[in-house]
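# Understanding the architecture of this molecule
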Amino acid sequence: MAMRSSHEDTLIYNTSAIVLRRMDYGDHDSILTLLTREKGKISVMAKNAKKSVKRFSGTLELFYVIELVIRENLRMAYMMEASVEEAFETIRSDILKTAYASYWAETVIQFMEEGVRQEGVYSLLVHSLMGLDLSLRPAEEWSIYFQLKFLELSGHAPELSHCQVCETDVDEIDHIRIRFDIKQGGLVCNHCGGPSPFRIDLSKGTIKQLIWFQKSEPGKASMVRFSKQALNEGLGFLEVFLAFHLEKELRSLKFLKKIRN
Ligand SMILES: [Zn+2]
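Now for a description of the structure that goes with this document. Note that the structure is predicted; figures quoted are calculated from it, not measured. For every chain, the first residue of the written sequence is number 1, and numbering continues from 1 onward in sequence order. Where totals are concerned, whole chains, interfaces and linings use all residues; where local detail is concerned, this predicted model gives features only for residues with pLDDT of at least 70, and gives and counts side-chain atom pairs only at 80 or more. Note that the side-chain values use all heavy atoms of the structure and ignore hydrogens as well as water.

## With respect to the overall build of the protein chain
Rules: Put simply, DSSP marks the helices as runs of H or I at least four residues long and the strands as runs of E at least two long, and each gets a number from the N terminus on. Only protein chains enter the accessibility calculation, which uses a 1.4 Å probe; a residue whose area is less than 20% of its type maximum is buried, one above 50% is exposed, and one in between is partly exposed. Note on contacts: a residue pair is in contact if any heavy atoms of the two residues lie within 4.5 Å. To be clear on the numbers: accessible area is Shrake-Rupley with a 1.4 Å probe, and residue cover counts the displayed protein chains and nothing else. The sign given to each residue is positive for Lys and Arg and negative for Asp and Glu; His and the chain ends receive no count. All charge positions are set by atom: Lys at NZ, Arg at CZ, Asp at CG, Glu at CD.
Of the regular secondary structure elements, the protein chain holds eight helices and 10 strands. Considering only C-alpha atoms, the protein chain reaches an extent of 70 × 40 × 35 Å along its principal axes. For the protein chain, the proportion of its 261 residues judged to be buried stands at 46%. Within the protein chain, contacts between residues at least 6 apart in sequence are counted, and of these 60% link residues at least 24 apart. A total accessible area of about 13,200 Å² is found for the protein chain, and carbon and sulfur atoms account for 51% of it. Computing the positive centroid from 34 side-chain charges and the negative centroid from 35, the protein chain places the two 4 Å apart.

Here's what the structure looks like:
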């Protein structure tokens, strides 16, 4: 719900949002990067963030899902008040989970344009954080899920079902390991191309599990688990593929890799 105030250029509305980043601004204020349900990624100023316990009551922590009221003029958006919907305490108390959540948050920050509504991405991030928090499956599986679905929503879904050149179905490709071409965004069978710096070797088993994950919702697919090898291979592949589209390796990914080792 939005309403115009008496000044034509001021808009007041409420929305749900995930806190992606928080930066101090001067001695008292904070600037938050939020993924909102209504308006996609936005930056808001929280005046007196450190003092206004009443208005914000500890709602400004990373990965919190909050309900907030925003006042926006042509220059800046201000956070008026907020309350916590989901705190995800388990994530914050676990360094590996924090590292995964930070990686997802930075991916969203880097990929998404400011102010463009993307409800699918919002739902995906809330859903993934919830799963990570509840530990229904390993953190690594949630990261595979998040990255696969995020790539799909941003129009970069990896094509894993057939060779990009001869279109042979993955089931009919007669090799245990098949190359994925990062530039072409799909598989290239051994008859159609050799090794290259842009090609990653994947086992057929990993490819099959990724395809199955692409098609399923994790809640409905809880009976099937990635093997250890497929987990490592799948994660490594998706992190390289995302970095290729971002044209850089994110700081949070470097941190994640350090924690994982
Ligand atoms: Zn081929």
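## Examining the packing of helix H4 (residues 119–134) against helix H5 (residues 139–153)
Applicable threshold: Under this scheme, a helix contributes an axis fitted over its contacting stretch, all axes are lines through C-alpha atoms, and angles between N-to-C directions fall in the 0 to 180 degree range. Oblique is the label for every angle not falling under 35 degrees (roughly parallel), over 145 degrees (roughly antiparallel), or within 65 to 115 degrees (roughly perpendicular). Put simply, Ala, Val, Leu, Ile, Met, Phe, Trp, Tyr, Cys and Pro go in the nonpolar bin, Asp, Glu, Lys and Arg in the charged bin, and everything else, Gly too, in the polar bin.
At their nearest, the axes of H4 and H5 sit 10 Å apart, and the two run at 175° to each other. Between H4 and H5, the angle is such that the two are roughly antiparallel. Residues Gly120, Val121, Leu124, Leu125, His127, Ser128, Gly131 and Leu132 of H4 touch H5, and the partners they reach there are Ala139, Trp142, Tyr145, Phe146, Lys149, Phe150 and Leu153. Broken down by class, the residue content of the contact of H4 with H5 amounts to 10 nonpolar, four polar and one charged.

## Considering the coordination of the zinc ion
Rules: For Na, K and Ca the donor cutoff is 3.2 Å, while for all other metals N, O and S atoms must lie within 2.8 Å; water is not among the atoms, so some sites may look incomplete. Geometry assignment treats four donors as tetrahedral when all angles are between 85 and 135 degrees, treats four as square planar and six as octahedral when opposite donors are over 155 degrees apart and all others between 65 and 115, and treats everything else as irregular.
For the zinc ion, the full set of protein donor atoms is Cys163 (SG), Cys166 (SG), Cys189 (SG) and Cys192 (SG), at a range of 2.3 to 2.4 Å. Around the zinc ion, the four donor atoms sit at angles spanning 101 to 116°, and that spread fits a shape best called tetrahedral. Here the donor residues of the zinc ion share one chain and are spaced in sequence as C-x2-C-x22-C-x2-C. Of the residues examined, cysteine 163 reaches a relative accessible area of 0% and is grouped as buried.

## Some points on the sheet that holds strand S8 (residues 177–181)
Cut-off, in case you're wondering: Pairing between strands is defined by DSSP: at least two bridges between them are needed.
Strand order in the open sheet formed by four strands is S7-S9-S8-S10, and the pairing between neighbours is mixed. The open sheet terminates on both sides in strands that have one partner only, identified here as strand S7 (159–163) and strand S10 (199–203). Ignoring which end each strand starts from, the neighbouring axes of this sheet average 40° apart. The sheet contact formed by S7 and strand S9 (residues 186–188) spans two bridges and is parallel. Bridge assignment links glutamate 159 to a residue of S9, and that residue is glycine 186. Along the sheet, helix H6 (residues 204–215) contacts S7, S8, S9 and S10; its crossing angle with S10, the most-contacted strand, is approximately 90°. Packing against the sheet, helix H7 (residues 228–246) makes contact with S7, S8 and S10, and its axis sits at approximately 160° to S10.

## Describing the nonpolar core
Quick reminder of the rule: Nine residue types can take part in a nonpolar core, namely buried Ala, Val, Leu, Ile, Met, Phe, Trp, Tyr and Cys, and a core is a set of them joined through side-chain atoms within 4.5 Å. An automatic or database domain assignment supplies the residue ranges for each domain.
Among the nonpolar cores identified, the biggest contains 57 residues, and Leu35, Trp104, Val108, Leu125, Leu129 and Ile144 are the most heavily contacted of them. Counting residues domain by domain, this core receives three or more from each of domain 1 (2–87) and domain 2 (99–260). Discounting chain neighbours no more than four positions away, the residues touching tryptophan 104 are Leu125, Ser128, Leu129, Leu132, Trp142, Ser143 and Phe146. Formed by 19 residues, the second largest nonpolar core is a distinct cluster that contains Tyr13, Leu32, Ile42 and Ala77.

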